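Chain by chain, the residues run as shown.
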Amino acid sequence: FLTIVRPPRCEPFLCLSHTARMGLILSKLILPPVLILLASLAARRWGDAIGGWLVGLPLTTGPVVAFLAIQYGPDFAVRASHGSLIGAAGQAAFAVGYAFVARRGWVTGFLVGTVAYAGTAFLLEAAALPPWALFLIGVATLTLAAFLIPHQDHMPSTLRAPWWDLPARMTAATVLVIAITAIADSVGPSTAGVLASFPILGSTLAIFAHRMRGAEMARQVLRGLCLALYGFAACFFIIGAFLVKAGIIPTLVAALLVTLIVQGAALRLIRR
């Protein structure tokens with residue numbers, strides 16, 4: 001009798017060499033906080049609306065999807081990118097929900113925005129739409145959100161952020177990346193993409209602007225965030241379409257270039 005013994009299933013992360021695993025862990029610990037530090041310093045230099053534009057870049061979600069592709073394979077990362085497209089529409093809902101109740105305080109704004117994000121994500125996940133439909137819905141909801149949160153000029157403020165502002169943002173970004181990549185296999189790729197897309201950094205920036213400069217400036221941060229998310233949606237649409245066919249590095253480079261082009265157009269619109 002011939003007995004065929006199947007080898008035990010090897011998780012992609014565990015199949016990596018020790019050096020590769022250590023490099024991946026160090027990348028998770030170094031890349032997200034450095035990106036957030038650079039974006040936050042630029043936001044202080046050029047203002048809160050530009051800050052909202054900067055945190056709309058896939059500074060945490062992009063690394064999450066890249067790490068998921070390395071740990072669990074391209075197919076898993078593609079499905080996670082579909083969850084990030086859902087997250088784009090969810091972030092638009094978060095911005096509108098927060099902006100509509102901003103005068104009641106940042107706590108109420110954050111809670112209402114979170115409920116709006118979760119409800120939108122639940123409905124779109126249940127609908128099981130194709131990626132192109134999720135992309136179009138994301139673009140439409142972002143446009144509507146920017147229309148519902150009108151631009152308003154605001155005088156600059158001399159108030160300084162507390163000393164723990166930057167460390168808190170950097171810590172939040174690092175914890176988000178590590179936590180999502182750790183639980184992704186348990187919650188599923190689409191849900192992992194949705195969780196990774198929650199606007200932790202955008203809401204943090206809006207809350208700080210709200211506490212230090214009032215409800216109207218928080219709205220302007222959220223409006224800048226919505227305009228920035230066109231590039232976010234384009235990024236994950238490109239990743240979902242080409243990651244399996246073209247590979248991780250070429251796809252991420254192409255997604256980065258498309259994101260920067262779209263972000264440049266959005267920045268011109270914000271400055272106007």
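Cut-off values and rules
- Per chain, the residues get numbers from 1 upward, laid out in the order the sequence is written.
- Local features in this predicted model are restricted to residues of pLDDT 70 or higher, and side-chain atom pairs are both shown and tallied only at a pLDDT of 80 or more, whereas totals for entire chains, interfaces and linings draw on every residue.
- With hydrogens and water stripped out, all remaining heavy atoms of the structure feed into the side-chain values.
- Helical segments are the DSSP runs of H or I of at least four residues, strand segments are the runs of E of at least two, and each set is numbered from the N terminus.
- Two residues qualify as a contact provided that any one of their heavy atoms is within 4.5 Å of a heavy atom in the partner residue.
- Surface exposure here means Shrake-Rupley accessible area, sampled with a 1.4 Å probe, where a residue is shielded only by the protein chains that are shown.
- Axis lines are fitted through C-alpha atoms, for helices just across the contact stretch, and the angle between N-to-C directions can take any value from 0 to 180 degrees.
- Each angle receives one of four descriptions, namely roughly parallel if under 35 degrees, roughly antiparallel if over 145, roughly perpendicular if within 65 to 115, and oblique otherwise.
- By convention the crossing between two helices is left-handed if the near helix lies anticlockwise of the far one by an angle smaller than a right angle, and right-handed if it lies clockwise.
- Residue polarity follows a fixed list, in which Ala, Val, Leu, Ile, Met, Phe, Trp, Tyr, Cys and Pro are nonpolar, Asp, Glu, Lys and Arg are charged, and the others, Gly among them, are polar.
- When a carboxyl oxygen of Asp or Glu is within 4 Å of a side-chain nitrogen of Lys or Arg, the pair counts as a salt bridge.
- When a residue's accessible area, from a 1.4 Å probe over protein chains only, is under 20% of the maximum for its type it is buried; when over 50% it is exposed; and in between it is partly exposed.
- Only buried Ala, Val, Leu, Ile, Met, Phe, Trp, Tyr and Cys residues count toward a nonpolar core, and they belong to the same one when joined by side-chain atoms within 4.5 Å.
- Without a salt bridge and with relative accessible area above 30%, a residue can belong to a patch; like charges are then joined within 9 Å and nonpolar side chains (Val, Leu, Ile, Met, Phe, Trp, Tyr) within 5 Å.
- Any two of the Phe, Tyr and Trp rings considered here, Trp counted by its six-membered ring, make a pair once their centres fall within 6.5 Å; the pair's planes then place it as stacked at under 30 degrees, edge-to-face at over 60, or tilted in between.
- Expected span of a helix, by definition, is 1.5 Å for each gap between consecutive residues, and there is one gap fewer than residues.
- To get the bend at a residue, fit one axis to the 7 residues ending there and another to the 7 starting there, then take the angle between the axes.

1. Regarding the overall build of the protein chain
Argument step 1. Counting secondary structure elements, the protein chain contains twelve helices and zero strands.
Argument step 2. Along the protein chain, helices (α) and strands (β) appear in the sequence α-α-α-α-α-α-α-α-α-α-α-α when read from the amino end.
Argument step 3. In the protein chain, once contacts between residues fewer than 6 apart in sequence are set aside, the share between residues at least 24 apart is 81%.
Argument step 4. As presented, the protein chain carries roughly 13700 Å² of accessible surface, and 70% of it is formed by carbon and sulfur atoms.

2. Side note on the packing of helix 8 (residues 165-187) against helix 9 (residues 189-196)
Argument step 1. Their axes nearest at 8 Å, the elements helix 8 and helix 9 cross at an angle of 160 degrees. When the axes of helix 8 and helix 9 are compared, the pair comes out roughly antiparallel. For the element pair helix 8 and helix 9, the recorded crossing hand is right-handed. Contacts between helix 8 and helix 9 involve L176, I180, I183, A184 and V187 from the former and P189, T191, A192, L195 and A196 from the latter.
Argument step 2. Taken together, the residues of the contact of helix 8 with helix 9 break down into nine nonpolar, one polar and no charged.

3. A short note on the environment of G97
Argument step 1. Its place among the elements puts G97 in helix 5 (residues 74-100).
Argument step 2. Note: C-alpha distance between G97 and F110 (13 residues apart in sequence) is 8.3 Å.
Argument step 3. Those residues in contact with G97 that lie beyond four places of it in its chain are V112 and G113.

4. Some details on the pattern of salt bridges
Argument step 1. Evaluated as defined, the whole model comprises one salt bridge.
Argument step 2. We note a salt bridge from E216 to R219, for which the minimum N-O separation is 3.1 Å. With E216 and R219 both in helix 11 (residues 215-246) and three residues apart, the pair spans about one turn of that helix.
Argument step 3. Residue classification places R219 among the buried positions, given a relative accessible area of 13%.

5. Looking at the nonpolar core
Argument step 1. Counting 44 residues, the largest nonpolar core has I86, F94, Y98, L222, F236, I239 and L243 as the members making the most contacts within it.
Argument step 2. Those elements that place two or more of their residues in this core are helix 4 (61-72), helix 5, helix 6 (106-127), helix 7 (131-148), helix 10 (200-213) and helix 11.
Argument step 3. The biggest single contributor to this core is helix 11, with 15 residues.
Argument step 4. Beyond its immediate chain neighbours, meaning those up to four positions away, F236 contacts P58, T61, G62, V65, S81, S84 and L85.

6. A look at a nonpolar patch on the surface
Argument step 1. A surface patch of nonpolar side chains, amounting to about 420 Å² of accessible area, comprises L29, I30, V34, L38 and I178.
Argument step 2. For the nonpolar patch, the element with the most residues is helix 2 (residues 18-46), which contributes four residues.
Argument step 3. Within the secondary structure, I178 is located in helix 8.

7. What about the environment of G119?
Argument step 1. Position of G119 relative to the elements: it lies in helix 6.
Argument step 2. In this structure, the C-alpha to C-alpha distance between G119 and A93, residues 26 residues apart in sequence, is 8.9 Å.

8. Overview of unusual backbone geometry
Argument step 1. If you check the backbone angles, A128 has positive phi at about 50 degrees while not being a glycine.
Argument step 2. Of note, A128 is situated in the loop between helix 6 and helix 7.
Argument step 3. On the basis of relative accessible area, A128 is assigned to the exposed category, the value being 63%.

9. Remarks on the packing of helix 7 against helix 11
Argument step 1. At their nearest, the axes of helix 7 and helix 11 sit 9 Å apart, and the two run at 170 degrees to each other. On the basis of the axis angle, helix 7 is roughly antiparallel to helix 11. Residues P131, W132, F135, V139, L142, T143, A145 and A146 of helix 7 lie in contact with helix 11, whose contacting residues are R223, C226, L227, L229, Y230, A233, A234 and F237.
Argument step 2. Among the residues forming the contact of helix 7 with helix 11, the class breakdown is 14 nonpolar, one polar and one charged.

10. Observations concerning the packing of aromatic side chains
Argument step 1. Taken as a whole and judged by the stated rule, the model has eight aromatic pairs.
Argument step 2. Relative to F110, the ring of F94 has its centre 6.1 Å away and its plane inclined at 75 degrees; by these criteria the two rings are edge-to-face. Here F94, found in helix 5, pairs with F110, found in helix 6; they are 16 residues apart in sequence, far enough to count as distant.
Argument step 3. Joined through ring pairs, the aromatic side chains of F94, Y98, F110, Y117 and F198 make up one cluster.

11. Overview of helix 11
Argument step 1. Taking 1.5 Å per residue as the helical rise, helix 11 with its 32 residues ought to reach 46 Å, and the 45 Å between its terminal C-alpha atoms agrees with that figure.
Argument step 2. Along its length, helix 11 shows its largest kink, about 35 degrees, at G240.
Argument step 3. The buried count for helix 11 comes to 23 of 32 residues, which makes it a mostly enclosed element.

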